[in-house]
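What the coordinates show
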Amino acid sequence: MPTLAELLETSSAQHRHLCPRQVLGVRMGLYAGELLGLALPQTDKRLYTFVETDGCGADGISVATNCWIGRRTLHVEDLGKVAATFVDTLTGRTLRLAPRADVRQAARALAPEARNPWEAQLLGYQRLPAAAMFSVQPVRLTTPVEAYLSHAGHRVQCARCGEEVMNEREVELNGVALCRTCAGPAYYAPVEAEAPTPAAFLQLGAAISS
Ligand SMILES: [Zn+2]
Ligand SMILES: [Zn+2]
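The numbering scheme is per chain: residues are counted from 1 as the chain's sequence reads. Lettering for chains starts from A, numbering for ligands starts from 1, and both go in the order in which the items are written. Per-residue local features of the predicted model are confined to residues with pLDDT of at least 70, and side-chain atom pairs are confined, for both listing and counting, to 80 or more; whole-chain, interface and lining totals are unaffected and use all residues. Here the side-chain values reflect all heavy atoms present in the structure, with hydrogen atoms and water set aside.

The next thing to look at is the nonpolar core. Core analysis: the biggest nonpolar cluster contains 32 residues, and M28, L47, F86, L97, Y125, M133 and F134 have the highest contact counts within it. Only DSSP runs of H or I reaching four residues or more are called helices, and only runs of E reaching two or more are called strands; each is numbered from the N terminus. Take this core: its biggest share by element is 8 residues, from helix α2 (residues 20–36). Throughout, a residue-residue contact means that at least one pair of heavy atoms, one from each residue, lies within 4.5 Å. Excluding its chain neighbours within four sequence positions, the residues that come into contact with F134 are L24, R27, M28, Y31, L97, A98, P99 and R100. Take the buried residues of types Ala, Val, Leu, Ile, Met, Phe, Trp, Tyr and Cys, join any two whose side-chain atoms come within 4.5 Å, and each joined set is a nonpolar core. Burial here depends on accessible area, computed with a 1.4 Å probe over protein chains only, as a share of the maximum for the residue type. Under 20% is buried, over 50% is exposed, and the range in between is partly exposed.

Written as C-alpha cells, this is what we have:
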C-alpha cells in the first residue's frame, strides 16, 4: 500500500505543486477506504466516489482511491464543497465525508512552525488524525449507483441531432429517444455568427502577410 507521502508526490506531480486541498483530498480518500475496509488505491472498480467540487481536492481523492472520471468511478456533483460520498458498490455501504468546521484551526495547532495559514494547513493536514479532520455520515443515494454506472455498450442515436448517446443518458419523448440537449434544457445555445470557414482563414492569412 502506498504511503501518504508517495500519494502526495503522485498528486503534486500532476499539479506541479502540493497544496492543502490535495492533502485534504488524499486523507479523505484514504480514510474512506479505511472505514469501508477497502484496500486503496483500488485496482478494480468496486469503489465509486461522488466529489462535491472539482479542483485540487478532487484530484487528491482520485490519487488516493484510484477513482477517476476516465475510469467511470468518479462523479462530480458540483456543490462547491470539499466533501465526497464513497460507495462500496459490492455491499452498498455509502459514507459521506466532509472536513470538520474547525479543521483549519486544528491544523494550525499541529503546525506551530508554519509561517502562514497556507503552510499550517499543508503541514497540519498531514499530521491530524483522520477522525479529527472529517465528519462521517452513512447516507443513501437518491439515485441508485447502478444508474450512474449504466450498462457497457448501451448506445442510441438522438432522433433530433443524430449524435450518439451512451450510458442510458437519453430521454424518451413521444416514443423517440432524444439527447438531453435536444430534450432541454441545454447547457449551451448556438450563436448566430458562423464558425470561420477554411476560406476565411486563408483570407486572414493573406491579409496578415500583405
Ligand atoms: Zn492546489
Ligand atoms: Zn440530440
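Our next topic: unusual backbone geometry. The omega torsion across L40 and P41 is -5°, close enough to zero to call that bond cis. Take P41: it is sitting in the loop between α2 and β1 (47–51). The residue after G184, namely P185, is reached through a cis peptide bond having omega -5°. Structurally, P185 can be placed in the loop between α8 (180–183) and α9 (198–209). The backbone of S150 shows a phi angle near 60°, a positive value even though the residue is not glycine. Among the secondary structure elements, S150 is positioned in the loop between α7 (145–149) and β6 (155–157).

Looking at the zinc ion (ligand 1), the protein donor atoms are H17 (NE2), C19 (SG) and C56 (SG), and they sit 2.2 Å from it. Within one chain, the residues serving as donors to the zinc ion (ligand 1) are arranged as H-x1-C-x36-C. Residue C19 is found in the loop between α1 (4–15) and α2, and its partner C56 is found in helix α3 (residues 56–65); the two are separated by 37 residues along the sequence. By relative accessible area, which is 8% here, C19 ends up buried. Metal sites are built from N, O and S donor atoms within 2.8 Å, or 3.2 Å for Na, K and Ca, and they leave out water, so they may look incomplete.

All right, on to α1 then. Expected span of a helix, by definition, is 1.5 Å for each gap between consecutive residues, and there is one gap fewer than residues. With 12 residues, α1 ought to run about 16 Å at 1.5 Å a step, and its terminal C-alpha atoms sit 16 Å apart, in line with that. Along α1, the residues classified as buried are L7, L8, S11, S12 and H15. Angularly, the buried residues of α1 cover 125° about the axis, an arc narrow enough to put them on a single face. Across α1 from its buried face, at more than 90 degrees, point the exposed residues E9 and A13. Lining the buried residues of α1 we find α2, α3 and α5 (117–127). Looking one or two residues past α1, R16 carries a phi angle of roughly 60°, positive in sign. It is the directions from the helix axis to the C-beta atoms whose arc is reported.

This part covers the packing of α2 against α3. Contact pair α2 / α3: the axes reach a minimum separation of 7 Å and the direction vectors enclose 40°. Here α2 lies oblique to α3, going by the angle between them. The chirality of how α2 crosses α3 is right-handed. For the pair α2 and α3, contact is made by R21, Q22, G25, V26, M28, G29 and L30 and by C56, G57, G60, I61, A64 and T65, respectively. Class assignment for the residues of the contact of α2 with α3 results in 6 nonpolar, 6 polar and 1 charged. Fitting a line to C-alpha atoms yields each axis, with helices limited to the stretch in contact; the angle taken between N-to-C directions then spans 0 to 180 degrees. Any angle that falls under 35 degrees is termed roughly parallel, while one over 145 is termed roughly antiparallel, one within 65 to 115 roughly perpendicular, and all others oblique. The sense of a crossing depends on the near helix, which, turned anticlockwise from the far helix by less than a right angle, makes the crossing left-handed and, turned clockwise, makes it right-handed. Gly falls in the polar group here, along with every residue not listed as nonpolar (Ala, Val, Leu, Ile, Met, Phe, Trp, Tyr, Cys, Pro) or charged (Asp, Glu, Lys, Arg).

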